[in-house]
Amino acid sequence: SGKIETLSHALDFTDQQKNLLTTFFAYDADTQKRFEGFSENVISSYPFPYSVAPNFLINNQLVHVPMVIEESSVVAAASYAANFWAKNGGFQCRILGTAKIGQIFFRLSEDKLLLKSHFEEIKNRLLEAVIPVSGNMQKRGGGVFDITLKDFSEDLFDVYQLEVVFGTADSMGANYINSCLEIMAAELTRFFNEDNCFEKGDFEVIMAILSNYTPDCVVECSVETPVENLAAVDPQGNGEYFARKFVTAVQIARNDVYRATTHNKGIYNGMSAVLLATANDFRAVEAAGHAYASRDKGYRSLSKAKIENGRFKMSLKVPVAVGTVGGLTRLHPMAALSFDIMQNPDAERLMMIVAAAGLANNFAAVRSLITTGIQAGHMKMHLQNILQFENATENESQQVIAHFADKTVSYNEVKLFLANIRK
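Residues numbered from 1 in each chain as written. Predicted model: local features only at pLDDT ≥ 70, side-chain atom pairs only at ≥ 80, totals over all residues. Heavy atoms only, no water.

Undergrad: Mind showing me how you'd approach the overall build of the protein chain here?
TA: Looking only at helices and strands, the protein chain has 16 helices and 10 strands in total. Judged by the C-alpha coordinates and their principal axes, the protein chain covers about 90 × 70 × 40 Å. Across the 423 residues that make up the protein chain, the buried fraction comes to 44%. Long-range contacts, defined here as pairs at least 24 residues apart, represent 71% of the contacts in the protein chain between residues at least 6 apart. (Helix = DSSP H or I, 4+ residues; strand = E, 2+ residues; numbered from the N terminus. Buried < 20%, exposed > 50% of the residue type's maximum accessible area, 1.4 Å probe, protein only. Contact = heavy atoms within 4.5 Å.)

Below you can see the structure in the form of structure tokens.
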């Protein structure tokens, strides 16, 4: 395209570099046009592996879970954990809430009591103002649920907030929420300009925007089994010892911020891979989760584990604001396919699937840490990448894999072994 030619000329690209951009954007004309509409200055695509972790048993229903991620061990870990838990009762999930928050910040140099005395009138005007854009959402069970006034003036001079609670049904709802908030902000401005009780010029809207922190849009996912059943995932075959060590490892992540950060990153390995596969905003969900992990006594692990009456129990409670309609969820052909693979879940079911993927990866990661170590499985998967990079033949690859079956994998050692067998 013209953009590729312009960039190539400016950066003096080689033919190989130009062809690379063209090759990865070699879709049919309609799909290419659609992709160009997703972002600005589109000159190509950046493909990621699209995988499926099979046989997740969630609330007694099997589902195959699409995952988009470049870290191969993540899909392997999710599949491993899903297979184990499918034989041990599966993942049990429940929705604790689906409310989302919007905020209107404004400055008002007036007596607080005067503002509070007019708040119900203000609230009713704002609710009435958004009826034209909120009607369809209300028919689907969503809409504006409440508006509360919050006083920030003690810490921020003359600043107040209107906190608006929304329901967005099966859509993530960012555009809907922001549209409502901007309409409300305009109506708020009209109210203060028109009402004779408030002095002119002492009011201004600072900003109106949704919050990606969604502590009331939360899903809980859990697994449990008799401790002796964990012998199947312990290399030593000792389920009770494995369970005790596992619980201790999770408790460490509940008390140490350095461990908690890596622990939670492992949870999002699974969650974000599903969010990407469905074209949901993984950045917003991750931000909400990390804020949620910090809500009580510092930053903590999002998951918990315990042994109770001879049973091992593990759970994850996490905010997950997602959509199954709107945005790119149906515009992106691979995202649409992801929903077909999962039998077209609604937003609440998708919240459960995302959380189950996070808990599965968390279980598999902690299991590796307390047994073989994280690098054994990770580097075994990474070995395939090294072999590709070194253009190893099928015969060479088999020799390398056999040689490193019981050895530590490193790029230099693999390269040296390849050089020796190529002699």
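Undergrad: Any chance you could explain the side chain of Arg300 here in plain terms?
TA: Its location among the elements puts Arg300 in the loop between α11 (282–293) and β9 (303–308). No salt bridge is formed by the buried Arg300, whose closest oppositely charged neighbour, Asp296, lies at an N-O distance of 4.7 Å. There is a polar contact of 2.9 Å between the side chain of Arg300 and the backbone oxygen of Arg254. Those residues in contact with Arg300, other than ones at most four positions away along the chain, are Ala253, Arg254, Ala260, Asn264 and Ala293. (Lys, Arg positive; Asp, Glu negative; His and termini not counted. Salt bridge = Lys/Arg side-chain N within 4 Å of Asp/Glu carboxyl O. Polar contact = N/O pair within 3.5 Å; in protein donor to acceptor, adjacent residues only side chain to side chain.)

Undergrad: Would you mind going over the pattern of salt bridges with me for this structure?
TA: Oppositely charged side chains may form a pair once their charged atoms are brought near each other. Scanning the entire structure with this criterion turns up 17 salt bridges. Residue Lys112 is joined to Glu154 by a salt bridge in which the shortest nitrogen-to-oxygen separation is 3.5 Å. In this pair, Lys112 sits in helix α5 (residues 112–117) while Glu154 sits in the loop between β5 (143–151) and β6 (159–167), placing the two residues 42 residues apart along the sequence. Where Lys313 meets Glu308, a salt bridge forms, and the shortest distance between an N and an O atom there is 2.7 Å. On the basis of relative accessible area, Glu308 is assigned to the partly exposed category, the value being 31%. When salt bridges that share partners are traced, they join Arg125, Glu187, Arg190 and Glu194 into one network.

Undergrad: Would you mind going over helix α15 (residues 394–403) with me for this structure?
TA: Spacing of three or four residues puts side chains on the same side of an α-helix, whose turn is 3.6 residues. Turning to α15, its buried residues are Glu396, Ser397 and Val400. Projected down its long axis, α15 shows its buried positions confined to an angular sector of 100 degrees, all on one face. Counted as exposed and oriented over 90 degrees from the buried face of α15: Glu394 and Ala402. (Arc of directions from axis to C-beta.)

Undergrad: Any chance you could explain the sheet that holds strand β10 (residues 311–319) here in plain terms?
TA: Sheets are built from strands paired through backbone hydrogen bonds, the pairs being either parallel or antiparallel. Read across the sheet, four strands follow the order β3-β8-β10-β9 without closing on themselves; strand pairing throughout is antiparallel. Edge positions in the sheet fall to β3 (92–95) and β9, since each of these pairs with one other strand and no more. Pairwise comparison of adjacent strand axes, ignoring direction, gives a mean angle of 20 degrees for this sheet. Two elements, β3 and strand β8 (residues 218–226), share four bridges in a ladder whose sense is antiparallel. Each bridged residue has a counterpart across the sheet, and for Arg94 the counterpart in β8 is Glu220. Against the sheet, α11 makes contact with β8 and β10, and its axis sits at roughly 120 degrees relative to β10, the strand it touches most. (Pairing = 2+ DSSP bridges. Axes fitted to C-alpha atoms, helices over the stretch in contact; angles between N-to-C directions.)

Undergrad: Would you explain the nonpolar core in this entry?
TA: Across soluble globular proteins, you tend to see nonpolar side chains buried next to one another. If you look at the biggest cluster of nonpolar residues, it comprises 68 residues, and the most contacted ones within it are Phe56, Phe91, Phe246, Phe312 and Phe363. It is helix α13 (residues 347–370) that provides the largest number of residues to this core, a total of 14 residues. Not counting residues within four places of it along the chain, the set of residues in contact with Phe91 comprises Phe56, Leu57, Ile58, Asn59, Ala82, Trp85, Cys221, Ser222, Val223, Ala356, Leu359 and Ala360. With 28 residues, the next largest nonpolar core counts Ile147, Ile177, Phe198 and Leu210 among its residues. (Core = buried A, V, L, I, M, F, W, Y, C linked by side-chain atoms within 4.5 Å.)

Undergrad: What is the right way to look at helix α12 (residues 333–341) in this model?
TA: Along α12, the residues classified as buried are Ala335, Ala336, Ser338 and Phe339. One face of α12 carries all of its buried residues, which in axial projection span an arc of 150 degrees. Where the residues of α12 are buried, they touch β1 (50–58), β2 (61–68), α10 (257–277) and α13. Count one or two residues on from α12 and you reach Gln343, which has phi positive near 65 degrees.

Undergrad: Explain the sheet that holds strand β7 (residues 203–210) here, please?
TA: As summarised here, the arrangement of the four strands in space is β5-β6-β4-β7, forming an open sheet in which the pairing is antiparallel. On the outer flanks of this sheet lie β5 and β7, each paired with one strand and no other. Along the sheet, successive strands turn relative to each other by an average axial angle of 20 degrees, direction set aside. Examined bridge by bridge, strand β4 (residues 100–108) and β7 share seven bridges and lie antiparallel to one another. Bridged to Arg107 within β7 is Glu204. Strands β5 and β6 of the sheet are contacted by helix α6 (residues 119–129), whose axis makes an angle of about 145 degrees with β5.

Undergrad: So what exactly am I meant to see when it comes to the side chain of Thr324 here?
TA: Summarising the element assignment, Thr324 is placed in the loop between β10 and α12. Thr324 has contacts with Asp170, Thr329, Arg330, Phe339, Pro345, Asp346, Ala347 and Leu350, leaving out every residue within four places of it along the chain.

Undergrad: Where do I start with the environment of Asp406 in this structure?
TA: Counting through the fold element by element, Asp406 comes out in the loop between α15 and α16 (411–422). On the basis of relative accessible area, Asp406 is assigned to the exposed category, the value being 65%. Measuring from C-alpha to C-alpha, the distance between Asp406 and Thr148 comes to 62 Å, with 258 residues separating the pair along the chain.

Undergrad: Looking at this structure, I do not really get a nonpolar patch on the surface. What am I missing?
TA: Taken together, the side chains of Ile206, Met207 and Ile209 define a hydrophobic patch exposed on the protein surface, amounting to about 240 Å² of accessible area. Note on placement: Met207 falls in strand β7. (Patch = residues over 30% accessible without salt bridge, like charges linked within 9 Å, V, L, I, M, F, W, Y side chains within 5 Å. Areas by Shrake-Rupley, 256 points an atom, 1.4 Å probe, with all protein chains shown as cover.)

Undergrad: Would you take a moment to explain the environment of Pro333 for this structure?
TA: Examined against the element boundaries, Pro333 turns out to sit in helix α12. Of the residues examined, Pro333 reaches a relative accessible area of 34% and is grouped as partly exposed. Considered as a pair, Pro333 and Ser73 are 260 residues apart in the sequence and their alpha carbons are 26 Å apart. Those residues in contact with Pro333 that sit more than four places away from it in its chain are Arg34 and Phe35.

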